[in-house]
Structures are given as structure tokens and as C-alpha cells.
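So the chains spell out like this:
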Amino acid sequence: MRFHVLTLFPDMIRNGFQTSITGRAVEKGLLSVNAVNIRDFSVNKHNRVDDYPYGGGAGMVMQAEPVCRAYESVVSGISSEKKPRVLYMTPQGKVFNQRMAEELSGEEELIFLCGHYEGIDERVLEEIVTDEVSIGDYVLTGGELPALVIMDAISRLLDGVLHNGESAEFDSFHDNLLEYPQYSRPEEWRGKKVPAILLSGHHANVEKWRREQSLIRTKERRPDLLEHASLTKEDKKFLAKLEEV
Ligand code: ADE
């Protein structure tokens with residue numbers, strides 16, 4: 001997977017991505033991040049990329065031409081026939097979720113467009129953007145953090161990025177259930193014991209307990225997810241029993 005990020009703050013993207021698991025994946029050659037500075041494509045002798053909004057109003061607007069040239073520089077370096085999707089980070093977009101991460105993880109190349117100031121000239125958005133994406137109902141100062149969030153969520157789904165191949169599958173939101181609680185050594189910490197069943201060595205019972213914990217958590221914390229989870233007959237029976245208590 002190759003990520004390209006059109007941004008006024010390329011260091012933010014590079015620094016954010018080169019640590020931890022995503023950084024290791026880059027070193028392993030499983031993915032790459034190409035942070036492109038939109039300012040390098042300024043058409044103005046002062047290197048400006050923004051101007052006042054037509055019609056007046058507060059703030060500045062990022063101009064169409066530098067954004068478009070930054071985009072074209074990326075596309076011209078891509079050999080494939082298929083034009084890559086361009087994800088514009090905006091609170092007006094479709095709210096990002098795990099399903100979108102899964103769908104996007106199938107792409108070979110993705111271009112992220114990060115805005116700043118009061119936004120980007122609409123005309124270039126109409127020309128190049130294929131998807132408008134939000135990471136939630138709040139307003140950030142720019143699209144860099146959203147782009148990092150989305151790249152992180154996609155990266156961990158790619159083959160070889162996580163060490164334990166199972167962990168992506170069993171994490172929260174896989175199949176719309178929250179993850180069961182986890183425990184590690186010591187067996188007793190400040191008077192709190194690890195649930196005995198996890199020490200029993202009885203694999204089937206452990207699995208059953210974990211499934212039930214997932215169901216309990218999801219019902220308590222995110223009942224909206226349960227409607228979309230694929231539940232077995234046993235799951236449904238267990239949930240019905242919870243209702244009785
Ligand atoms: N830019 C500013 N706020 C944002 C958000 N919530 N999601 C995506 N991009 C943004």
C-alpha cells in the first residue's frame with residue numbers, strides 16, 4: 001500500500017507515521033508514505049497557497065492551483081492506469097468506521113488531501129476528490145490528524161503489519177462486537193484477581209467466557225452495534241438471559 005498525503009505540514013505526517021507499528025511496517029517495506037508539501041507547488045513568488053474568500057468572511061481559503069499541481073505530481077508518478085482515490089479530510093464527509101478501513105485496505109494507492117484555514121477552493125475539490133471523509137463530529141485545525149488516524153486504521157489490516165496475525169481479527173469492531181477484557185501477569189494485582197477461568201487451561205471454556213464478555217460489553221457500551229453483529233443461537237440465548245437479570 002502506498003499512501004500519498006497532500007499537506008502544508010509534511011513533517012506532521014512523517015513524524016506521526018514513523019513511530020511504533022506503522023513505522024516498523026514502513027521499514028519492512030509493507031507500506032510507504034509520501035508526504036507532499038502543497039507549498040512546493042505555489043504559483044506565487046511569496047510561496048503563498050491561500051487567499052481571501054470571495055464574498056468576504058473570516059479566514060483564508062487554500063487556492064485551487066497549488067493543490068491541483070501537488071495532486072498531478074503524485075498522479076504522474078503512478079504507473080497504474082487506474083486513478084487512485086483521493087480522500088479529502090473534512091468534518092462534512094462520511095464518518096469513518098472499521099468497514100471503510102477494510103474497504104480502503106484493498107487499494108494499492110491512496111491520496112489524502114489535508115485542508116487548513118477555512119477550507120479549500122471548491123473547484124479543485126470537484127476536480128480531484130473521490131471521497132470526503134470525517135473522523136467524527138468535531139472540528140480540528142487541519143486534516144493531518146484525520147489522515148494519520150485513517151492510515152493507521154488501514155495499515156493494521158494489511159498482511160504482515162501486525163505480528164500476531166490473529167489480533168486484527170479479534171479486535172473490537174470485528175464483526176461489530178467489542179473486545180473482551182484482557183489480563184496479564186501477575187495473577188493478583190493490588191488485591192484484584194485475574195478471572196479464574198483464564199487460568200484454568202480449558203480452552204473451550206475460555207473461548208465461551210470471552211464471547212460472553214464481548215456480548216456483555218457490547219450490550220452495555222454500544223448496543224447500537226449489536227444490531228449489525230452476526231450472532232449465533234447461543235449468543236442470542238445468552239443476551240436474552242441477560243435481559244432477565
Ligand atoms: N478536518 C477538520 N476536522 C475534521 C474532522 N473531524 N474529520 C476530518 N477532517 C477534519
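Residues numbered from 1 in each chain as written. Predicted model: local features only at pLDDT ≥ 70, side-chain atom pairs only at ≥ 80, totals over all residues. Heavy atoms only, no water.

### Observations regarding the overall build of the protein
The helix and strand tally for the protein stands at 10 helices and nine strands. Relative to the 2.2 N^0.38 estimate, which gives 18 Å for 245 residues, the radius of gyration of the protein is 23 Å and therefore markedly larger than a compact globule would have. Taking all 245 residues of the protein together, the buried fraction comes to 40%. Surface exposure of the protein reaches about 15200 Å², of which carbon and sulfur atoms provide 48%. For the protein, the separation between the mean place of its 30 positive charges and that of its 40 negative charges on side chains is 6 Å. (Helix = DSSP H or I, 4+ residues; strand = E, 2+ residues; numbered from the N terminus. Rg over C-alpha atoms; globule rule 2.2 N^0.38 Å. Buried < 20%, exposed > 50% of the residue type's maximum accessible area, 1.4 Å probe, protein only. Areas by Shrake-Rupley, 256 points an atom, 1.4 Å probe, with all protein chains shown as cover. Lys, Arg positive; Asp, Glu negative; His and termini not counted. Charge placed at Lys NZ, Arg CZ, Asp CG, Glu CD.)

### Quick word on the site of the ligand
Taken together, the residues surrounding the ligand are Met 89, Thr 90, Pro 91, Val 133, Ser 134, Ile 135, Gly 136, Tyr 138, Val 139, Leu 140, Gly 142 and Pro 146. Contact distances for the ligand include 3.1 Å between a nitrogen atom and a backbone N or O atom of Thr 90. A distance of 3.0 Å separates a nitrogen atom of the ligand from a polar atom in the backbone of Leu 140. Compared with its free state, where it exposes 270 Å², the ligand has 96% of that area covered by protein. Broken down by secondary-structure element, the contributors of at least two residues to the shell around the ligand are β5 (85–95) and β7 (131–134). With three residues, β5 is the largest single contributor of residues to the shell around the ligand. (Near = heavy atom within 4 Å. Polar contact = N/O pair within 3.5 Å; in protein donor to acceptor, adjacent residues only side chain to side chain.)

### Remarks on helix α6 (residues 144–155)
For α6, built from 12 residues, the straight-helix expectation of 16 Å at 1.5 Å per residue is met to within 8% by its first-to-last C-alpha distance of 16 Å. Burial within α6 is extensive, with nine of its 12 residues counted as buried. Along α6, the residues that are buried comprise Glu 144, Pro 146, Ala 147, Leu 148, Ile 150, Met 151, Ala 153, Ile 154 and Ser 155. (Expected span 1.5 Å × (residues − 1).)

### As for the sheet that holds β5
On the basis of which strands lie adjacent, the open sheet formed by five strands has the order β2-β1-β6-β5-β7 and parallel pairing. Looking at strand neighbours, the two that pair on one side only are β2 (32–37) and β7, the edges of this open sheet. Strand-to-strand twist across the sheet, computed as the mean angle between neighbouring axes with direction ignored, equals 30 degrees. Here strand β1 (residues 2–7) runs beside β2; their pairing, made up of six bridges, is parallel. (Pairing = 2+ DSSP bridges. Axes fitted to C-alpha atoms, helices over the stretch in contact; angles between N-to-C directions.)

### Structural notes on the domain arrangement of the protein
Considered domain by domain, the protein is made up of domain 1 (2–155) and domain 2 (174–244). Computed from C-alpha atoms alone, the centre-to-centre distance between domain 1 and domain 2 is 38 Å. (Domains from an automatic or database assignment.)

### Quick notes on the packing of aromatic side chains
The final tally for this structure, using the stated rule, is two aromatic pairs. Arranged with centres 5.9 Å apart and planes meeting at 80 degrees, the rings of Phe 3 and Phe 17 form a pair that is edge-to-face. Here Phe 17 lies in helix α1 (residues 10–17) and Phe 3 lies in strand β1, a separation of 14 residues in the sequence. For Phe 3, a relative accessible area of 0% translates into the label buried. Residue classification places Phe 17 among the buried positions, given a relative accessible area of 3%. Here the aromatic rings of Phe 3 and Phe 112 are separated by 5.8 Å at their centres, their planes lie at 65 degrees, and the arrangement is edge-to-face. Pair noted here: Phe 3 is in strand β1 and Phe 112 is in strand β6 (residues 109–114), with a separation of 109 residues, a long-range link. Among the residues examined, Phe 112 registers a relative accessible area of 0% and is labelled buried. Here the aromatic cluster, defined as three or more aromatic residues joined through ring pairs, consists of Phe 3, Phe 17 and Phe 112. (Phe/Tyr/Trp six-rings, centres within 6.5 Å; stacked < 30°, edge-to-face > 60°.)

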